Amino acid sequence: MTTLDAINNMLLAINEQPVPVLDESIAEVKIALDILDQTLELVLTEGWHFNSESDVELHPDSRGYIYVPLNALYVDPTDRYKNCTVREGKLYDKDRHSFIFETPVKVDIIYKLPFDELPIYAQKYISEKAARIFIAQTFGDPQLYQYQSQEELEAYTTLVSHEIDAGDHNLLESYRGYLNG
């Protein structure tokens, strides 16, 4: 699925004709692109197996600044005792009130990836969710909205199923870990 496919899915959801190219001079296309981008960011911020990494080591530059990747939606030190946040595109130590680091810091990162680089099941969910929002904001037909909500739910179920498989999640193992605490 491409961004164009997603936009055409959204246009079809409100009974509009698909477009051959992404022409932002067409009002509906511009609105659809904005909604798709907002939905992409919202969904990816949740952090999925395909867009998150743990224990990424970030190194200070020659001045001691640790710049975070430009496409990072979330950055948090892996060490739960480090109290850092992102400010001005750099890691900031809240306990020391400083941007200066002397050693690398391991962090967990959630990345914003381009729509076209996502797994198909994630694209499908984001596309269906964006179509539902698009219907609500442009067309407002309750029947179309209800139908699209069902499409979104089915796509979400598929996404979660793939997430469980890819992340090797196992309820029984999680429960055992909880018991053994």
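What counts, and where the lines are drawn
- Residues numbered from 1 in each chain as written.
- Predicted model: local features only at pLDDT ≥ 70, side-chain atom pairs only at ≥ 80, totals over all residues.
- Heavy atoms only, no water.
- Helix = DSSP H or I, 4+ residues; strand = E, 2+ residues; numbered from the N terminus.
- Rg over C-alpha atoms; globule rule 2.2 N^0.38 Å.
- Buried < 20%, exposed > 50% of the residue type's maximum accessible area, 1.4 Å probe, protein only.
- Areas by Shrake-Rupley, 256 points an atom, 1.4 Å probe, with all protein chains shown as cover.
- Lys, Arg positive; Asp, Glu negative; His and termini not counted.
- Charge placed at Lys NZ, Arg CZ, Asp CG, Glu CD.
- Polar contact = N/O pair within 3.5 Å; in protein donor to acceptor, adjacent residues only side chain to side chain.
- Contact = heavy atoms within 4.5 Å.

Residue-level account of the overall build of the protein chain, with values.
For the protein chain, the count of helices and strands is five helices and five strands. Element order for the protein chain, N to C, with α for helix and β for strand: α-α-β-β-β-β-β-α-α-α. Whereas a compact globule of 181 residues would reach a radius of gyration of roughly 16 Å, the protein chain reaches 20 Å, over 25% beyond that. Burial statistics for the protein chain: of 181 residues in total, 35% are counted as buried. Of the accessible surface of the protein chain, which amounts to about 11,000 Å², a share of 51% is contributed by carbon and sulfur atoms. Each charge class in the protein chain was averaged separately, 14 positive and 31 negative side chains, and the resulting centres sit 10 Å apart.

Tell me about the environment of Asp 23, and name the residues and values.
Structurally, the position occupied by Asp 23 is in the loop between helix H1 (3–13) and helix H2 (27–45). By relative accessible area, Asp 23 is classed as partly exposed at 31%. C-alpha of Asp 23 to C-alpha of Leu 33: the two residues are 10 residues apart in sequence and 10.0 Å apart in space. Side chain to side chain, Asp 23 and Ser 25 meet in a polar contact 2.6 Å long.

Tell me what's going on with the side chain of Ser 98, and back it up with residues and numbers.
Looking at where Ser 98 falls in the secondary structure, it is placed in the loop between strand E4 (90–93) and strand E5 (105–111). At 2.9 Å, the side chain of Ser 98 and the backbone nitrogen of Ile 100 are in polar contact. Dropping the residues within four chain positions of it, Ser 98 is found in contact with Tyr 92 and Asp 93.

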